[in-house]
Amino acid sequence: MASIELDNLRKVFNEGGGDLVAVDDLSLKVDDSDFLVLVGPSGCGKSTTLRTIAGLEQPTDGQILFDGEDVTDMGPQERRVAMVFQDYALYPHMTARENMSFGLRYGSDHDDEEIDRRVNAAAEMMGIENHLESRPNELSGGQQQRVALGRAIVREPEVFLMDEPLSNLDAKLRAQMRTELQELHSKLDITTVYVTHDQEEAMTMGDQLAVLNDGELQQIGTPLECYQEPANTFVAGFIGSPRMNRFEGRPNGNLLETDAFDYHLPDDVAGQIPTGTDEVILGIRPEDVKVVDSPTENSLSTEINVVERMGDLTHIYTTVGDDECIITLSGQAEVAQGDEIEIEFPTARIHLFDGKTGDALKNRDSDVSIGESASISSGIS
Ligand code: ATP
């Protein structure tokens, strides 16, 4: 298998006379056998990056290395990559077997016996051995996607490139296929780059996440690093659902003054705000907001707008100043719309960002585990 390195990759499209920078100076490394998820909102350059790694797009600038070898000018065939697309891209007039064997039959010199062996093994791995003689229109969406994956597997590629492969499936099947893809990856150990706009899919699937916005890399790290230690307000807002609460404030000594409340910062936290910073954003994840019985130094009172019961969790929507504030409690909280509650933002759980650049100044303490915080936040149960 191969490691992948993108070195200052840049792709500019010429749109109606103007330049559109789809990928902006992107550098990252995917280790051999790793599973990297490229995640970001629509139009942030995920597919263009993937297509450039595949050799389907030529970069405007920068280099692509597989195992240290420069493949930037190589064609897709020479790169030993297999790509899986959102729309499966199966030939409608061919059976599943013919679809899976097509690339090998016409793009390699393997004999019929070897092709049959690979197709049968991949079909068994994907659980579609009984559908090999069916045409795509006789198969469900999930089965078609399994054929598309099988077609990629039989090529025994060095690298898998997957572009939103699960987005055409319903929620239940998507969750099942997510697990199957992870199992497949641990079985085959093929270096994989997986594109999705769905942060939940990204969180559950990747060894590493690369979060993109406007063609620029915002952060690369494990899913938990991106969740617990977001590099900036973009990552903080994009990763995690419901999204992180945020309040704009002005530092004044040990106080962070927002339009709705004054937050008291201990010396060590206030010290993390560089001198001269005049705008700071306070962020706190919904599960880190604590419901308290009586006012504390950093608590405030708010009225419940909406209660969303998820079964295992309860999301409470309130307004603080002009901002929405979401509180997630574990279990079935006994609260109702219109209730007045006292909420606290514990200092150990807050994030601070520079209000102008969006860069993180302080992340929540990582020595408090997520499990522990869930029980802290269940002030009402
Ligand atoms: P989505 O999730 O919607 O597929 P994406 O993050 O994959 O989005 P890209 O498809 O890589 O984004 O597109 C990045 C930018 O480049 C977009 O503004 C898009 O319009 C533009 N773009 C992509 N392909 C081309 C092309 N062939 N010609 C001109 N512009 C393009």
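None of the values given here were measured: they were computed from a predicted structure. Each chain has its residues counted from 1, following the order in which its sequence is written. Given that this is a predicted model, residues contribute local features only at a pLDDT of at least 70 and side-chain atom pairs are listed and counted only at 80 or more, while totals for whole chains, interfaces and linings are drawn from all residues. Water and hydrogen atoms play no part in the side-chain values, which are based on all heavy atoms of the structure.

Novice: So what's going on with the overall build of the protein chain? Residues and values would help.
Specialist: Summing up its helical and strand segments, the protein chain has 10 helices and 21 strands in all. Its C-alpha atoms put the protein chain at 75 × 45 × 40 Å along the principal axes. Counting only residues that meet the buried cut, the protein chain has 49% of its 381 residues in that class. Look at the contacts in the protein chain between residues 6 or more apart in sequence, and 66% of them connect residues 24 or more apart. For the protein chain, the exposed surface amounts to about 17,400 Å²; the carbon and sulfur share of it is 43%. Charge counting follows a simple rule: Lys and Arg are positive, Asp and Glu are negative, and His as well as the terminal groups are ignored. Note on charges: their place is set at NZ of Lys, CZ of Arg, CG of Asp or CD of Glu. Here the protein chain holds 29 positive side-chain charges and 72 negative ones, and the gap between their average locations is 6 Å. Every helix listed is a DSSP run of H or I at least four residues long, and every strand listed is a run of E at least two residues long, numbered separately from the N terminus. A 1.4 Å probe rolled over the protein chains alone gives each residue an accessible area, and that area as a share of the maximum for its type sets the label: buried under 20%, exposed over 50%, partly exposed in between. The contact rule is simple, with two residues in contact once any of their heavy atoms fall within 4.5 Å. Here, Shrake-Rupley sampling with a 1.4 Å probe gives the accessible areas, and only protein chains in the shown set may cover a residue.

Novice: So what's going on with the site of the ligand? Which residues, and what values?
Specialist: With respect to spatial proximity, 13 residues lie near the ligand, and among them Ser42, Gly43, Lys46, Ser47 and Thr48 are the closest. Counting of polar contacts relies on pairs of N or O atoms within 3.5 Å, with two restrictions inside protein: one atom must be capable of donating a hydrogen and the other of accepting it, and residues adjacent in sequence are counted only when both atoms are side-chain atoms. Cys44 places a main-chain nitrogen or oxygen 3.0 Å from an oxygen atom of the ligand. Ser47 places a side-chain nitrogen or oxygen 2.8 Å from an oxygen atom of the ligand. Relative to its unbound accessible area of 630 Å², the ligand is 63% covered by the protein chains. Counting residues per element, the ones that place at least two in the shell around the ligand are strand 1 (4-15), strand 2 (18-30) and helix 1 (46-54). For the shell around the ligand, the element with the most residues is helix 1, which contributes 3 residues. Each residue is assigned to one of three groups, with Ala, Val, Leu, Ile, Met, Phe, Trp, Tyr, Cys and Pro labelled nonpolar, Asp, Glu, Lys and Arg labelled charged, and all others, Gly among them, labelled polar. Grouping the amino acids of the shell around the ligand by side-chain chemistry returns 5 nonpolar, 5 polar and 3 charged. Any residue with a heavy atom lying within 4 Å of a molecule or strand is counted as near it.

Novice: Explain the packing of helix 2 (residues 96-107) against helix 3 (residues 112-126) to me, and be specific about the residues and the numbers.
Specialist: To get an axis, fit a line to the C-alpha atoms, keeping to the stretch in contact for a helix; angles then go from 0 to 180 degrees between the N-to-C directions. Two elements in contact, helix 2 and helix 3, have axes whose closest approach is 10 Å; the angle formed by their N-to-C orientations is 135°. Classified by the angle their axes make, helix 2 and helix 3 are oblique. Handedness of the helix 2/helix 3 crossing: right-handed. Note on element contacts: helix 3 touches helix 2 through Asp112, Ile115, Asp116, Arg118, Val119, Asn120, Ala122 and Ala123, opposite Arg97, Met100, Ser101, Leu104 and Arg105. Of the residues in the contact of helix 2 with helix 3, the class split is 6 nonpolar, 2 polar and 5 charged. Any angle that falls under 35 degrees is termed roughly parallel, while one over 145 is termed roughly antiparallel, one within 65 to 115 roughly perpendicular, and all others oblique. Two helices crossing with the near one rotated counterclockwise from the far one by less than a right angle form a left-handed crossing, whereas a clockwise rotation gives a right-handed crossing.

Novice: Lay out the domain arrangement of the protein chain in plain terms, naming residues and giving numbers.
Specialist: All domain edges in this entry derive from an automatic or database-based domain assignment. Considered domain by domain, the protein chain is made up of domain 1 (4-228) and domain 2 (242-376). Summarising the inter-unit geometry, the C-alpha centres of domain 1 and domain 2 are found 38 Å apart. Contacts between domain 1 and domain 2 engage 4 residues on the former and 6 residues on the latter. Computed with a 1.4 Å rolling probe, the buried area is the accessible surface lost when two parts are put together, summed over both parts. In this assembly, domain 1 packs against domain 2 so that about 460 Å² is buried in total across both faces, 40% of it on carbon and sulfur atoms. Three residues, Leu224, Tyr227 and Gln228, lead the burial of domain 1 against domain 2; their summed loss comes to 98% of the area buried on that side. Should a side-chain nitrogen of Lys or Arg be within 4 Å of a carboxyl oxygen of Asp or Glu, the pair is scored as a salt bridge. Put simply, domain 1 and domain 2 have 0 salt bridges between them. Here domain 1 and domain 2 share 3 residue pairs in polar contact (both at pLDDT 80 or more) between them. Looking at the side of domain 1 that touches domain 2 residue by residue, the class counts come to 3 nonpolar, 1 polar and no charged.

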